[in-house]
Amino acid sequence: MLETALDAGVSPETLRKIETGRVATPAFPTIAAIAAVLGLSLDAVWAEINQPDGGVEPTGSGRSARERLAS
């Protein structure tokens, strides 16, 4: 997590808050930077969160963002 956060130019605490849902609406540039570090296109992220079943697992699911997006 530390490497991902630093590569994206955000603090590890910010990334932790986003992953746990404590930041309900992270800034677009933050999401874009994290997606770029993870090798995800914004189109892929958008498609995943707009799936009919919601696409996003509840916080605390124990899976990383990359694992959730890869499934």
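Preceding this section is the structure that the text describes.
The rules we used
- Along every chain, residues carry numbers that run from 1 in the direction the sequence is written.
- Reporting in this predicted model follows two pLDDT cut-offs: at least 70 for local features of residues, and 80 or more for side-chain atom pairs to be given and counted; totals over whole chains, interfaces and linings ignore these cut-offs and use all residues.
- Excluding hydrogens and water, the side-chain figures rest on all heavy atoms present in the structure.
- Numbering of helices and strands starts at the N terminus; helices are DSSP runs of H or I of at least 4 residues and strands are runs of E of at least 2.
- Note on exposure labels: buried denotes an accessible area under 20% of the residue type's maximum, exposed denotes more than 50%, and partly exposed covers the range between, all computed with a 1.4 Å probe on protein chains only.
- By definition, residues are in contact when any of their heavy atoms lie within 4.5 Å.
- Salt bridge, as applied in this entry: a Lys or Arg side-chain nitrogen positioned within 4 Å of an Asp or Glu carboxyl oxygen.
- By definition, the arc is the one covered by directions from the helix axis to the C-beta atoms.
- Remark: nonpolar core denotes a set of buried residues (Ala, Val, Leu, Ile, Met, Phe, Trp, Tyr, Cys) joined through side-chain atoms within 4.5 Å.

Participant: Before we go on, may I ask you to explain the overall build of the chain in this structure?
Facilitator: Looking only at helices and strands, the chain has five helices and zero strands in total. If you list the helices and strands of the chain from N to C, you get α-α-α-α-α. Among the 71 residues that make up the chain, the fraction classed as buried is 18%. Excluding contacts between residues fewer than 6 apart, the proportion of contacts in the chain whose partners are at least 24 apart in sequence is 30%.

Participant: Explanation requested: the pattern of salt bridges in the structure shown.
Facilitator: When their charged atoms lie close together, side chains carrying opposite charge are able to pair. One pass over the structure, following the stated rule, counts two salt bridges. One salt bridge in this structure joins Glu13 and Arg16, with 2.7 Å as the shortest N-O distance. With Glu13 and Arg16 both in helix α2 (residues 12-20) and three residues apart, this pair spans about one turn of that helix. Exposure remark for Glu13: the relative accessible area of 32% places this residue in the partly exposed category.

Participant: Explanation requested: the environment of Thr30 in the structure shown.
Facilitator: Of note, Thr30 is situated in helix α3 (residues 28-38). Remark: the alpha-carbon pair of Thr30 and Ile18, spanning 12 residues in sequence, is separated by 9.8 Å. Residues in contact with Thr30, not counting those within four places in the same chain, are Val10 and Ile18.

Participant: What exactly am I supposed to notice about α3 here?
Facilitator: All of the buried residues in α3 are Thr30, Ile34, Ala35 and Leu38. What you see down the axis of α3 is that its buried residues fit within an arc of 130 degrees, all on one side. Across α3 from its buried face, at more than 90 degrees, point the exposed residues Phe28, Pro29 and Ala36. Following α3 by one or two positions, Gly39 adopts a phi angle in the positive range, close to 75 degrees.

Participant: For this particular structure, what's the right way to read the nonpolar core?
Facilitator: With seven residues, the main nonpolar core is built from Ala5, Ala8, Val10, Leu15, Ile18, Ile34 and Leu38. Aside from chain neighbours lying at most four places away, what touches Ala8 is Ala33, Ile34 and Val37.

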